[in-house]
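Structural overview
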Amino acid sequence: MSRKRSRLAHEEEMSSKLLEAGSGEVANGGSSLERSSQTSSDLAQSLRMAAPFSTDPEAVAERERISYGRIPRAVALSGTASRKVRVYSDGIYDMFHQGHARQLQQAKTVFPNVYLIVGVCSDQLTHSRKGRTVMTEDERYEAVRHCRYVDEVVRDAPWEYDEEFLEKHKIDFLAHDDIPYTTEDCEDTYAMIKAKDMFVATERTEGVSTSDIVARIVRDYDIYVRRNLARGYSAKELNVSFLNEKKFRLQNKMDELKDKGKKVMTNIGEKRVDILTKWEEKSRELIDAFLLLFGPDGRLSNIWNESKGRLMQALSQPPSPRSSPPPSENGDPPSPSPTHRGSASPPPPKSRRCDALWEQQADGSSSDGAGESEEAVQRQLTDDGSDDSDEEYQDTSPYL
């Protein structure tokens, strides 16, 4: 709606101007209408194409079309001049910015009907008088001629002016800021122009200038070098040493890592609920698997216990056999120990053996073998189981 209202307001303003021009046509014989239509045509042309150079056919034809006679200031201010007021403005216009555009706008609107000519100094003259520029002269020419307030551009403009230059370009007034520009020959290069009442002052735009922009670049030198290195410029093109190049590239990598970290943290912040839920599920699974494997009743504990038992059984020695206990007082044989069930029974004591022998003899032995039996009995009674008498003696008693 705001755009529509502004368009309607603009159309109403143009209609009122046409009505005023029509009424002026009746009073002035159509001269006002012709001037209005000519101004509209010039504005449309400046928006369609860039301003010509002073050597181009369009500029030459415009200059030859008029008869040069300087227009007085009062006539120029009233807008009653028979032709456009030719106003000249010059400068370096390095790194063309809004301050330059505003200065040219003031020069264009200093009088009602102005043909603005802008002179741009060359590199050679600028470097010798003021210093090195950032942009080349061709770049500065193109920047100025594409400004919509400019009607013509003079290349290689002079630093000082003379009557020949003014007459060549048929200049009526010279527009510049009212600051004296000193040279080796004079204290103010515009002294002659001011003496002829051809000088119109424009205002400088505070807070912006080419020097300020260059100072910002110098202040933020590292930032711009890093940016251009990241864009593909070589260290040689930027006049950067090998060590500084590596330092700047490392800083670029660190900045990239920081940016990636910030993006990751942002994504985590957006998806933190899902991530925490999945992490809890995975952690429970890991804990259960750990307890199943390493817990007190886990698989590794059972395998360890079994292996330890087998190892201890393999390393332990069998117990040594125990000696037989002594007989009791009444002569009864001791009861066999439960741990020696599979071993042989101990021999009976001597008293029992003697009784058994006498009973066997009493049952009736032959008289022929009596001597031998007695001798055998005597050996049995005197035998105490020692091997002192005969090493090869073997006990053939049936009780042993």
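None of the values given here were measured: they were computed from a predicted structure.

**A closer look at the overall build of the chain**
The helix and strand inventory of the chain stands at 17 helices and 5 strands. The long-range share in the chain, meaning contacts at least 24 apart out of those at least 6 apart in sequence, stands at 66%. Accessible area for the chain stands at about 29200 Å²; split by element, carbon and sulfur atoms hold 53% of it.

**Notes on a negative patch on the surface**
Taken together, the side chains of E280, E281, E285 and D288 present a region of like negative charge at the surface. Relative to the helices and strands, E285 is located in helix α14 (residues 272-294).

**Let's talk about the pattern of salt bridges**
For the coordinates displayed, the defined rule picks out 13 salt bridges. Notably, a salt bridge pairs K196 with E163, separated by 2.5 Å at the nearest N-O pair. Linking K196 in the loop between α9 (191-195) and β5 (199-202) with E163 in helix α8 (residues 163-168), this pair joins segments that are 33 residues apart in sequence.

**Observations regarding the packing of aromatic side chains**
Evaluated as defined, the whole model comprises 8 aromatic pairs. Seen in terms of ring centroids, Y88 and Y161 are 6.1 Å apart; in terms of plane orientation they differ by 85 degrees. Their pairing is edge-to-face. One end of the pair, Y88, is in strand β1 (residues 85-91); the other, Y161, is in the loop between β3 (152-155) and α8, and 73 residues separate them in sequence. A relative accessible area of 10% places Y161 in the buried class. Where Y190 meets F199, the ring centres are 5.6 Å apart and the plane angle is 50 degrees; that geometry is what we call tilted. Neither Y190 nor F199 differs from the other in exposure class; each is buried. One aromatic cluster is present, formed by Y88, Y161, F165, Y190 and F199 through successive ring pairs. A cation sits over an aromatic face here: R155 above F53, 4.0 Å from the ring centre. Sitting over the face of the ring of F199, K194 holds its NZ or CZ atom 5.0 Å from the ring centroid.

**Re the confidence of the model for the chain**
As a note on interpretation, predicted positions should not be read in detail where pLDDT is low. Chain-level statistics for the chain give a pLDDT mean of 74 and a share of 63% at 70 or above. The low-confidence segment residues 1-5, where pLDDT is below 50, has 0 contacts with residues more than four positions distant or belonging to other chains.

**Regarding the side chain of S89**
The residue S89 is located in strand β1 in this model. Residue S89 is classed as buried on the basis of its relative accessible area of 0%. A polar side-chain atom of S89 sits 2.8 Å from a polar atom in the side chain of Q103. What S89 contacts, discounting residues up to four positions off in sequence, is Q103, L104, L116, I117, V118, G119 and A175.

**A look at the nonpolar core**
Judged by nonpolar contacts, the single largest core of 24 residues is most densely connected at V87, L104, F111, L116, V118 and V150. Every element with two or more residues in this core is listed here: β1, α5 (98-108), β2 (114-120), α7 (137-145) and β4 (173-177). Considering every element that reaches this core, the biggest residue donor is β2, with 4 residues. When residues no more than four places from it in sequence are discounted, the contact partners of L116 are V87, S89, L104, A107, K108, Y149, V150, D151 and E152. Of all hydrophobic cores here, the second largest spans 14 residues; its members include V154, Y161, Y190 and F199.

**What to know about the sheet that holds β4**
A sheet is described by the order of its strands in space; here 5 strands give the open sequence β3-β2-β1-β4-β5, paired in parallel fashion. The sheet terminates laterally at β3 and β5, the two strands that pair on one side only. Ignoring strand direction, the axes of neighbouring strands in this sheet form an average angle of 30 degrees. Strand direction decides the pairing type here: β1 and β2, joined by 7 bridges, are parallel. Bridging across to β2, V87 finds its partner in L116. The sheet contacts of α5 involve β1, β2, β4 and β5, and relative to β2 the element is tilted by about 140 degrees.

**Overview of a nonpolar patch on the surface**
A surface patch of nonpolar side chains, amounting to about 240 Å² of accessible area, comprises V134, V214 and V218. Positionally, V218 belongs in helix α10 (residues 210-219).

**Quick notes on α7**
Listed in full, the buried residues belonging to α7 are R140, Y141, V144 and R145. Projection of α7 onto a plane perpendicular to its axis shows the buried side chains occupying an angular sector of 125 degrees, all on one side. The inward-facing, buried residues of α7 abut β2, α6 (123-129) and β3.

**Describing unusual backbone geometry**
Unusually for a residue other than glycine, M95 sits at a positive phi of about 50 degrees. Here M95 shows up in the loop between β1 and α5.

**Considering the pairing of β4**
Most of β4 sits out of view: 5 of its 5 residues are buried. On β4, burial covers both faces: F173, A175 and D177 on one face and L174 and H176 on the other are all buried. In this structure, β1 lies alongside β4, joined through 2 bridges in parallel fashion. The partner of Y88 across the bridge, within β4, is L174. Strand direction decides the pairing type here: β4 and β5, joined by 4 bridges, are parallel. Counted as the bridge partner of A175 is V200 from β5.

Conventions and cut-offs
Residues numbered from 1 in each chain as written. Predicted model: local features only at pLDDT ≥ 70, side-chain atom pairs only at ≥ 80, totals over all residues. Heavy atoms only, no water. Helix = DSSP H or I, 4+ residues; strand = E, 2+ residues; numbered from the N terminus. Contact = heavy atoms within 4.5 Å. Areas by Shrake-Rupley, 256 points an atom, 1.4 Å probe, with all protein chains shown as cover. Patch = residues over 30% accessible without salt bridge, like charges linked within 9 Å, V, L, I, M, F, W, Y side chains within 5 Å. Salt bridge = Lys/Arg side-chain N within 4 Å of Asp/Glu carboxyl O. Lys, Arg positive; Asp, Glu negative; His and termini not counted. Charge placed at Lys NZ, Arg CZ, Asp CG, Glu CD. Phe/Tyr/Trp six-rings, centres within 6.5 Å; stacked < 30°, edge-to-face > 60°. Buried < 20%, exposed > 50% of the residue type's maximum accessible area, 1.4 Å probe, protein only. Lys NZ or Arg CZ within 6 Å of the ring centre and 35° of its normal. pLDDT = per-residue confidence, 0-100. Polar contact = N/O pair within 3.5 Å; in protein donor to acceptor, adjacent residues only side chain to side chain. Core = buried A, V, L, I, M, F, W, Y, C linked by side-chain atoms within 4.5 Å. Pairing = 2+ DSSP bridges. Axes fitted to C-alpha atoms, helices over the stretch in contact; angles between N-to-C directions. Arc of directions from axis to C-beta.

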